[in-house]
Amino acid sequence: MKGRFVTGLAVTSLSLSHFRSHKAARLSLDGRPVVIYGPNGAGKTNLIEAVSLLSPGRGLRRAAADDLARRPEAIGWRIGAGIAAPWGAHEIDIRAEGGGPRQVRIDGKTAPQTALGRLVRVVWLIPAMDRLWIEAAEGRRRFLDRMTLSFEPGHGDTVLAYDKAMRERNRLLKDDVRDGAWFDALERQMAEAGAAITANRLSALSRVEAAQEGAETAFPAATLALVDPEGGVEAWSAGTLRDALSAGRPRDRAAGRTLTGPHRADLSGTYAAKGIAAAQCSTGEQKALLISLVLANARALALETGTPPIILLDEVAAHLDSDRRAALYDEIVALGAQAWMTGTGAELFESLGDRAQRILVRERDGVSAVEAG
């Protein structure tokens, strides 16, 4: 059956070794949505976390490489995956050994993480994101940058370059260094990277909002905006940001950190049909808006690339009534995406019928075990 249903981007095989609670696991997949069910703590989320690591970054839990190793052995871990896509089939190998850094190989050759972003695009929604609209701005920036990364695989490197230059600038500020030449060089780097970051973010928001317009969906559309405590978002060209950083040195020196730039930006969302800020919506409405954004992100990628991304939805079904669950599944199938969904019971996914593969995860003697459901 392997490969029978594959028409777009899909994981066709997944093998884990000493990854989280899985001492060893091997899955063969056919491109349909994947339902993973079983009791709490059995290791369901660990499977989709492994899939999230097939894209650039630290995955859906933002874990360090050493934290992913199964305990108590802590001998390192490995993820192996077969990928099918319209542009060809590929083998991905990701591992970390003996507390060392993560290593990526694609088709047997060493590759940087950014190469994963050009090969596998992944979007996700996990319970930790449920407080997105009411938590601190840092979480919303992270959500926005992950969305942006799905469109622009190089965005992560640009953010890293900006952060590195800003750390160096903050060190100069704390050490009360007065040499303007040092600041000029770092601010030039920050300005170039910061302007690109802002442009990438605004482009991503535009694409997602466009994908919401006219879409037949059971989930509410959100109006999105990039905001800044100093109102500088739209104006951040390299020149204006460089000037702002230069002018802000006295204030930043007093604070011991950089107070101006895209690292201060925030994402605002509004329930479009009601005109209510997302932060003021009910818990159910906030969840529905998040689902809508993840689906719109996937829809936008499908429109641009011709192939929807892989979608990871952790425990999403438990928060929806039966009609909304059925609507969500219908949208995923219509999109043609391989969605990986977790839940405690198989009944949560009953309306999917044979449109999905099912995997049961159980814990046996402290080890996660997987079997066809």
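Residues numbered from 1 in each chain as written. Predicted model: local features only at pLDDT ≥ 70, side-chain atom pairs only at ≥ 80, totals over all residues. Heavy atoms only, no water.

1. Considerations on the overall build of the protein chain
1) Next: Looking only at helices and strands, the protein chain has nine helices and 15 strands in total.
2) Next: Relative to its length of 373 residues, the protein chain is compact, with a C-alpha radius of gyration of 22 Å against a globular reference of 21 Å.
3) Next: Oriented by its inertia axes, the alpha-carbon framework of the protein chain measures out at about 65 × 55 × 40 Å.
4) Next: Counting only residues that meet the buried cut, the protein chain has 54% of its 373 residues in that class.
5) Next: Within the protein chain, counting contacts between residues at least 6 apart in sequence, those at least 24 apart form 71% of the total.
6) Next: About 16100 Å² of surface is accessible on the protein chain, with carbon and sulfur atoms providing 49% of the total.
7) Next: The distance from the centre of the 48 positive side-chain charges to the centre of the 46 negative ones in the protein chain is 4 Å. (Helix = DSSP H or I, 4+ residues; strand = E, 2+ residues; numbered from the N terminus. Rg over C-alpha atoms; globule rule 2.2 N^0.38 Å. Buried < 20%, exposed > 50% of the residue type's maximum accessible area, 1.4 Å probe, protein only. Contact = heavy atoms within 4.5 Å. Areas by Shrake-Rupley, 256 points an atom, 1.4 Å probe, with all protein chains shown as cover. Lys, Arg positive; Asp, Glu negative; His and termini not counted. Charge placed at Lys NZ, Arg CZ, Asp CG, Glu CD.)

2. Some details on the packing of aromatic side chains
1) Next: In the structure shown here, the tally under the stated rule is two aromatic pairs.
2) Next: Ring plane angle 75° and centroid distance 5.7 Å describe the contact between F19 and W77, whose orientation is recorded as edge-to-face. With a gap of 58 residues between them, F19 in strand β1 (residues 10-19) and W77 in strand β4 (residues 76-85) connect regions that are remote in the sequence. (Phe/Tyr/Trp six-rings, centres within 6.5 Å; stacked < 30°, edge-to-face > 60°.)

3. Notes on the nonpolar core
1) Next: Within the largest apolar cluster, 98 residues are counted, with the highest numbers of intra-cluster contacts made by V11, L54, L328 and W340.
2) Next: Looking at this core element by element, the count peaks at twelve residues for helix α8 (residues 283-305).
3) Next: Two domains share this core, each providing at least three of its residues, namely domain 1 (1-121 + 309-372) and domain 2 (132-304).
4) Next: The contact partners of V11, leaving out residues within four places of it in the chain, are L29, V51, L54, A81, G82, I83, I310, Q338 and W340.
5) Next: Residues L172, F183, W236 and L245 belong to the second largest nonpolar core, which totals 15 residues. (Core = buried A, V, L, I, M, F, W, Y, C linked by side-chain atoms within 4.5 Å. Domains from an automatic or database assignment.)

4. A few points about the UniProt feature "domain: AAA+ ATPase" (unreviewed entry) in the protein chain
1) Next: Within the UniProt annotation, "domain: AAA+ ATPase" (unreviewed entry) is assigned to residues 30-366.
2) Next: As annotated, residues 30-366 comprises 41% helix and 19% strand, and the C-alpha atoms at either end are separated by 29 Å. (UniProt positions renumbered as here; feature names shortened; annotations may be inferred.)

5. A few points about the packing of helix α4 (residues 155-174) against helix α5 (residues 180-212)
1) Next: The N-to-C vectors of α4 and α5 enclose an angle of 145°; their axes lie 9 Å apart at closest approach. In terms of crossing hand, the pair formed by α4 and α5 is left-handed. Residues H155, T158, V159, Y162, A165, M166, E168, R169, L172 and L173 of α4 form the contact with α5, whose own contacting residues are W182, F183, L186, E187, Q189, M190, A193, G194, A196, I197, N200 and R201.
2) Next: The class makeup of the residues in the contact of α4 with α5 is 13 nonpolar, five polar and four charged. (Axes fitted to C-alpha atoms, helices over the stretch in contact; angles between N-to-C directions. Left-handed = near helix turned anticlockwise from the far one by under 90°. Nonpolar A, V, L, I, M, F, W, Y, C, P; charged D, E, K, R; others polar.)

6. Thoughts on the UniProt feature "binding site: ATP" (unreviewed entry) in the protein chain
1) Next: Feature annotation in UniProt places "binding site: ATP" (unreviewed entry) on G38, P39, N40, G41, A42, G43, K44 and T45, given in this structure's numbering.
2) Next: Following the sequence through the fold, G38 ends up in the loop between β3 (34-37) and α1 (44-52).
3) Next: Not counting residues up to four positions away in its chain, the partners in contact with G38 are K44, G343, T344, L360 and V361.
4) Next: Relative to the helices and strands, T45 is located in helix α1.
5) Next: Among the residues examined, T45 registers a relative accessible area of 16% and is labelled buried.

7. Observations concerning the environment of L259
1) Next: Mapped onto the fold, L259 is located in the loop between α7 (249-255) and β10 (266-271).
2) Next: You can call L259 buried: its relative accessible area is 13%.
3) Next: Distance from L259 to A136, taken between C-alpha atoms, is 16 Å for residues 123 residues apart in sequence.
4) Next: Setting aside its immediate chain neighbours within four residues, L259 contacts E230, R251, D252 and R264.

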